[in-house]
Amino acid sequence: MVKDSASRNFFLSAVTWLCIATSCGAIVALKFIFPDWLGQSSWLTFGRLRPIHVNGVLFGWLSMAYVGAMFFMAPRLLKTNLWSEKLGHWTCHLWNISLVLSVISLSAGLTQGVEYAEIIWPIDILIALNFILVNINLWKTFMARQCEHLYVSLWYMYASLLWTPLVFLIGNGMLFPVTFTGGIASVATPYTGVNHAAVNWFYGHNVIGLWFTTVGIGMAYYLLPKITGNAIYSHRLGMVGFWTIAFVYVWTGQHHLLYGPGPDWLETVSIVFSISLLIPVWTVIRNFWGTLKGKWHLFFEEPAAKFLILGAWWYFLTCLQGPLSNALRPVSKIVHFTNWVVGHAHLALLGAFTYFSIAAIYYCWPHITGRELSKKFGSRHFWLTTVGLIIFMVSLWIGGLIQGTLWNYKRIELDFATDQVQVVGIPFIQTVIMMKPYYWLRVVGGLMIIIAQWEFLFRLLKKDGSKEMESKGALL
Amino acid sequence: MTPKLLIGGSLSFFALAVIVIVVLPYVQTNDLPAWEHTYQYSEKALKGRKIYIREGCWYCHTQQVRPWKVVEDKIVGVPADADLGRPSDPRDYVNDRPHLLGTERTGPDLAHVGSTKSEKDWHIQHLKDPRSMVEGSIMPSFAFLTEEELDDLSEYLLSLQ
């Protein structure tokens, strides 16, 4: 098996899923404006396409890009080769099969009915198996390492490899999926009501926190010194950042349910830890800026640097927005349930972590295939994605703030006939109609992003289109 | 940093958090007693609930009213929910599996839709052709459901009181 071929396959699959999943997102976004469009057959309705968009992006695009990057980066940091390229290839096939099965089952309306955990349990087992196979491959690589020192990227990656299958299992209730009613075994979640909501957001938030965030930071820590040629600014900060995020992140899920019917103490715990998240975030950002010192001009020269640097800014912004707006009760009162939160989710996943993943592909691709994507395309890819993303997010944030403000505008009226106090608000439908221009702007921004990703895919697939590397020396 | 520290440290931090924020809430809230406002579902309503889940209604509709009350002509708590009826209680949901609290209000909250819209025919017509009942609505049409499915789904909506 050719070196890095498993990594290459994961990257190509990832970008393919990126195009498919974001295109589903565009259809979903258009349905906010044309609700009857593609609504005649059940499998093209909003309720079926939305989970394909979300799960496709989470488990197709980001997760596969992360595995591709780890297969490339971890062996290099451990001064060895990937333990088994062959196992890597089979994992990639199995991963794609589980995603195709997910798309089919979600289209058919088979769902667990839980956000981020829609995929039904037989396919969940396949996905868990994928994560276990990746674990085996990378831990075997780890054991064959030819170095003493463990670079900070490795802590993030290997810790995430341990956490993620556990988060996935707890979130999907698969530790005890079988319930018995009247002697008949059936598969159902063991969680009920408000407890299920708490588990739902333990899972939802930690898939983000202990997989997308931590592997993403690990990748960025790998790419920064490689692209800038500078040594990492501070190892000690790296260590503080890692252990604080490892300790703090797990506790924050309940901030998705502020003022909800669940236990108040759990909400308060999540708020305290959400604010504490500012510590690891600051250490990471300080380390990034320190390492970039004197090399900011690379932003204008290397596509990988463009995506990496702006990705770090998006990461910074999303980690300020999360704790300070969504996770504080007085602000949550306004923005909860509005499109503000949708904008925030895209800032993290489409901003920070997608940017890190694209930077990784731009950096790794020449080393894997000997071919480099043209800088001209890299620039176009970056600016289309970035301008699209800004239009997309800012329109949702503004729309969301207006929604939230209007919902909170209430007056108290006294009904003289019954002598009863009555609370009157703005009719809900008016806040739906008000959103229309913002929904339009989301479509415009989204389409710009999607066009850029399709061209990205075609350029990666085209054998002769990207120019042959003349000298890899500078990058290696 | 040694591999032992990495594995031991990251797993014990994780375990500690799981004990506090997964196991404790499980013990505290998973088997709450029912009370007078607990959502009760007939067999037909449960069928409807499955359709509600299958068609992803829960993506756009929440089923939770955040706490509010009127104290001396002022709304205390979350004003946004003050016209949505009785604030939700954890015991309301003991029959809910999976939970459908929701995270987004693209459409209105449905925690008490069975009381505010109590006619089945209204719901069936609204599901078939939302814009004929609510001008400006962006809810998709569910005309592709069979008559029986529409009836089950409406039965479920009426049980949300």
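### Points about the interface of chain B and chain A
Part 1 of the argument: At the interface, 60 residues of chain B touch 67 residues of chain A.
Part 2 of the argument: Looking at the side of chain B that touches chain A, the elements that each hand over two or more residues are helix H1 (3-29) and helix H2 (43-54) of chain B.
Part 3 of the argument: In terms of residue count, the dominant contributor to the side of chain B that touches chain A is H1(B) (15 residues).
Part 4 of the argument: Among the residues making up the side of chain B that touches chain A, the classes are represented as 35 nonpolar, 14 polar and 11 charged.

### So, the nonpolar core
Part 1 of the argument: Ala65(A), Met70(A), Leu223(A), Leu308(A), Ala359(A) and Ala360(A) are the most contacted members of the largest nonpolar core, which has 178 residues in total.
Part 2 of the argument: When residues of this core are assigned to their parent elements, the largest contribution, 21 residues, is made by helix H6 (residues 193-228) of chain A.
Part 3 of the argument: Counting contributing residues per domain, this core is built from domain 1 (1-31) and domain 2 (40-158) of chain B, each supplying no fewer than three.
Part 4 of the argument: If we ignore the near neighbours within four places in the chain, the residues touching Ala65(A) are Phe11(A), Ala14(A), Ser357(A), Ala360(A) and Ile361(A).

### Examining the packing of helix H2 (residues 46-77) of chain A against helix H5 (residues 152-171) of chain A
All names here are of chain A.
Part 1 of the argument: Relative orientation of the contacting elements H2 and H5 amounts to 130°, with a least axis distance of 10 Å. Classed by the angle they form, the pair H2 and H5 counts as oblique. Crossing hand, H2 versus H5: left-handed. Residues Met70, Met73, Ala74 and Leu77 of H2 lie in contact with H5, whose contacting residues are Ser153, Leu154 and Met157.
Part 2 of the argument: Taken together, the residues of the contact of H2 with H5 break down into 6 nonpolar, 1 polar and no charged.

### Description of the packing of H2(A) against helix H4 (residues 121-143) of chain A
Describing two packed helices takes the angle between their axes plus the distance from one axis to the other.
Residues and elements named next belong to chain A.
Part 1 of the argument: For the pair H2 and H4, the least separation of the axes is 10 Å and the interaxial angle reads 10°. Judged by the angle between their axes, H2 and H4 are roughly parallel. Packed against H2, whose contacting residues are Phe59, Val67, Met70, Ala74 and Pro75, the element H4 presents Ile127, Val134, Leu138 and Thr141 at the interface.
Part 2 of the argument: Taken together, the residues of the contact of H2 with H4 break down into 8 nonpolar, 1 polar and no charged.

About the criteria used
Residues numbered from 1 in each chain as written. Chains lettered and ligands numbered in written order. Predicted model: local features only at pLDDT ≥ 70, side-chain atom pairs only at ≥ 80, totals over all residues. Contact = placed C-beta atoms within 7 Å. Helix = DSSP H or I, 4+ residues; strand = E, 2+ residues; numbered from the N terminus. Nonpolar A, V, L, I, M, F, W, Y, C, P; charged D, E, K, R; others polar. Core = buried A, V, L, I, M, F, W, Y, C linked by C-beta atoms within 7 Å. Buried ≥ 20, exposed ≤ 12 C-beta atoms within 10 Å, placed from the backbone. Domains from an automatic or database assignment. Axes fitted to C-alpha atoms, helices over the stretch in contact; angles between N-to-C directions. Parallel < 35°, antiparallel > 145°, perpendicular 65-115°, else oblique. Left-handed = near helix turned anticlockwise from the far one by under 90°.

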